[in-house]
Amino acid sequence: AEKAIVEKAILEQLESKEEISNSGDFATCNGYDHEEIKNITRSLHGFQLVDAQEIKKEIWELTNEGKTYAENGSPEFHLFLAVPPEGGISTDILKKKFDNKVYNIACIAAKKNEWLELGKEQVSRKVQSVEDSVRDLLLQIKDGKIISSKDIKELKRRKLIELKTWNGYSIRKGPKFSLERKKLVSVFTREHLLRGEWKNLEFKKYNFDANALPPSGGHLHPLLKVRERIRNIFITMGFKEMQTNNYVESSFWNFDALFQPQQHPARDSHDTFFLEAPSTTLSLPESYLDKYEWKREEAEKNVFRTHTTAVTARVLYSLAQQRPFTPQRYFSIDRVFRNEAVDRTHLAEFHQIEGVICDRGLTLADLMQVLQDFFKKMGMSNLKFKATCNPYTEPSMEIYSYHEGLKKWVEIGNSGMFRPEMLRPMGFPEDVTAIAWGLSLERPTMILYGIDNIRDLFGPKVDLSLIKRNPICKLGM
Ligand code: PHE
């Protein structure tokens, strides 16, 4: 029956009879599905139209085997009937009339009941007539009648019945009883106020336990989540974000300004993506360029920037043009490109995090301290430094952190003091120094999210449902 009809039947029954003492009986009498009655009752109870008390009963139900016996009779009864009243029957012939399993069951019961004489060769009746009491008992149980505990025990032993919990409701009128559900108002409007309707309205209660719909779009990629965290670390340390929205960079800013020789292997097409169109840059800072004795055509070649330090060079140059000089802290987190073979730890495009401080008289000790502060906020407090070589920094240090999970030192970044050969041509005063460091965004993200193949993090193989489900990350601060 339709839900509304069943609901109406319940409410009308309560209106005329005050009570439905057993929802199960009510369902049977009216030909409704009891499960549906129960569902509607719960809902009506929730809105206080009715007051429902749960009733629970343990009842015996027929098993599948029990159901067959109740319908067709017990095996022992059939076995008895198959034995002629006079003279009996040969055991072999009798056996052939039954399924093996049924025959065995029947023999045990018939013997126990002393109905048959089961000889090796011959089977004969011991009594002239029998009653199929097992079938009778099963039919009684089916009708909900009560039988003796001795009989219950026997039927249960033969696995013909089993105990099931039955539940239903006894239903009375609730505090808000009415023959129809009142429509609850969920949006309060200006009209409700103006017409004075608010006095009689009933409002739908907020359900603070309801789950909101999962948003269908707008999921942040883990890289974006980690980037946001790292951005916040830089900002709390007083760093300003550099503008990095140029993937294409001239070789001048990517290499030359960074004191990287024009014949340096990194400037080879094996390591760097060169652009075909436009293959060269439109403008270079002429007065700055004058200070170099390099081939201009090499400096003009457009590349996909190979590191964010290209941006740092631009920003430092523009800082160097300002008078008076003011100390600055800058950072950037953005994409870079390398012409590399892709494997589980390398991609041809990835992200770099870079921090720079420009001030008078900075030393390597300042760099080490700022690195300690920065990485501590990222949850890495155990650092080691190892001397290395960069074209644009001297001294330079690789940064290692002790990885508690891997129980070893892992390289997490590169750093150094920018060379005077780089800073002086930019136009900085003699005593101005700059310290900087860089690291990839992918490395800490993979550690935080437990991803061991970079292609699962970035690129066409990324599992979109993982992006939807991944949690907000927490850096150890
Ligand atoms: N640019 C370097 C790299 O690509 C990182 C770096 C940045 C090193 C700043 C020193 C100073 O690995």
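Everything here concerns the structure above.
All figures in this text were calculated on a predicted structure; none of them were measured in a lab. Every residue gets a number counted from 1 within its own chain, in the order that chain's sequence is written. Reporting in this predicted model follows two pLDDT cut-offs: at least 70 for local features of residues, and 80 or more for side-chain atom pairs to be given and counted; totals over whole chains, interfaces and linings ignore these cut-offs and use all residues. Calculation of side-chain values draws on the structure's entire complement of heavy atoms; hydrogens and water are dropped beforehand.

Q: Outline the overall build of the protein chain, supporting the account with residue identities and numerical values.
A: A helix here means a DSSP run of H or I that spans at least four residues, while a strand means a run of E at least two residues long, and both kinds are numbered starting from the N terminus. The helix and strand inventory of the protein chain stands at 19 helices and 15 strands. Dimensions along the principal axes, computed over C-alpha positions, put the protein chain at roughly 130 × 80 × 45 Å. Across the 477 residues in the protein chain, those meeting the buried criterion constitute 41%. Working rule for contacts: check all heavy atoms of both residues, and any pair within 4.5 Å makes them a contact. The contacts of the protein chain with a sequence gap of at least 6 include a subset with a gap of at least 24, amounting to 71%. Only the protein chains shown count as covering a residue, and every accessible area follows the Shrake-Rupley method with a 1.4 Å probe. Split by element, the accessible area of the protein chain, about 28,200 Å² in all, is 51% carbon and sulfur. Here Asp and Glu are counted as negative and Lys and Arg as positive; His is not counted, and neither are the chain ends. By convention, the charge on Lys lies at NZ, on Arg at CZ, on Asp at CG and on Glu at CD. Taken together, the 70 basic and 67 acidic charged side chains of the protein chain have centroids lying 4 Å from each other. With a 1.4 Å probe rolled over the protein chains alone, any residue whose accessible area is under 20% of its type maximum counts as buried; one over 50% counts as exposed, and the rest are partly exposed.

Q: Can you lay out unusual backbone geometry for me, pointing to particular residues and giving the numbers?
A: If a residue is not glycine, its phi is most likely negative; likewise, a peptide bond is most likely trans. Going from Ala277 to Pro278, the amide bond is cis rather than trans, its omega being -5°. The topology assignment puts Pro278 in the loop between α12 (251-254) and α13 (286-289). With phi around 70°, Glu18 is a residue other than glycine that occupies positive phi space. Within the secondary structure, Glu18 is located in the loop between α1 (3-17) and β1 (19-20). One non-glycine residue, Lys159, lies in the positive phi region at around 55°. Within the fold, Lys159 resides in the loop between α9 (149-157) and β6 (161-173).

Q: Describe the side chain of Lys38, and please don't skip the residues or the numbers.
A: Its place among the elements puts Lys38 in helix α3 (residues 34-46). According to the relative accessible area criterion, Lys38 is buried, its value standing at 7%. N or O atoms closer than or at 3.5 Å make up a polar contact, with two conditions inside protein: a donor-capable atom paired with an acceptor-capable one, and, for residues adjacent in sequence, both atoms drawn from side chains. One polar contact links Lys38 to Asn167, side chain to side chain, over a distance of 2.9 Å. Discounting chain neighbours no more than four positions away, the residues touching Lys38 are Asn167, Gly168 and Tyr169.

Q: So what's going on with the pattern of salt bridges? Residues and values would help.
A: Any carboxyl oxygen of Asp or Glu that lies within 4 Å of a side-chain nitrogen of Lys or Arg is treated as forming a salt bridge with it. Throughout the structure, instances matching the rule amount to 25 salt bridges. The closest approach of N and O atoms between Lys112 and Glu154, which form a salt bridge, is 3.7 Å. Here the residue Lys112 occupies a position in helix α7 (residues 100-112), and Glu154 occupies one in helix α9, the gap between them amounting to 42 residues. In this structure Glu154 comes out as partly exposed when scored by relative accessible area, which is 28%. Here Glu349 ties to Arg335 by a salt bridge, and the two come within 2.8 Å at their closest N and O atoms.

Q: Tell me about a nonpolar patch on the surface, and name the residues and values.
A: Distance thresholds for patches are 9 Å for like charges and 5 Å for nonpolar side chains (Val, Leu, Ile, Met, Phe, Trp, Tyr), applied to residues having over 30% relative accessible area and no salt bridge. Together, Phe188, Leu193, Trp198 and Phe203 give the surface a local cluster of nonpolar side chains, amounting to about 420 Å² of exposed area. Relative to the helices and strands, Trp198 resides in the loop between α10 (190-194) and α11 (222-236).

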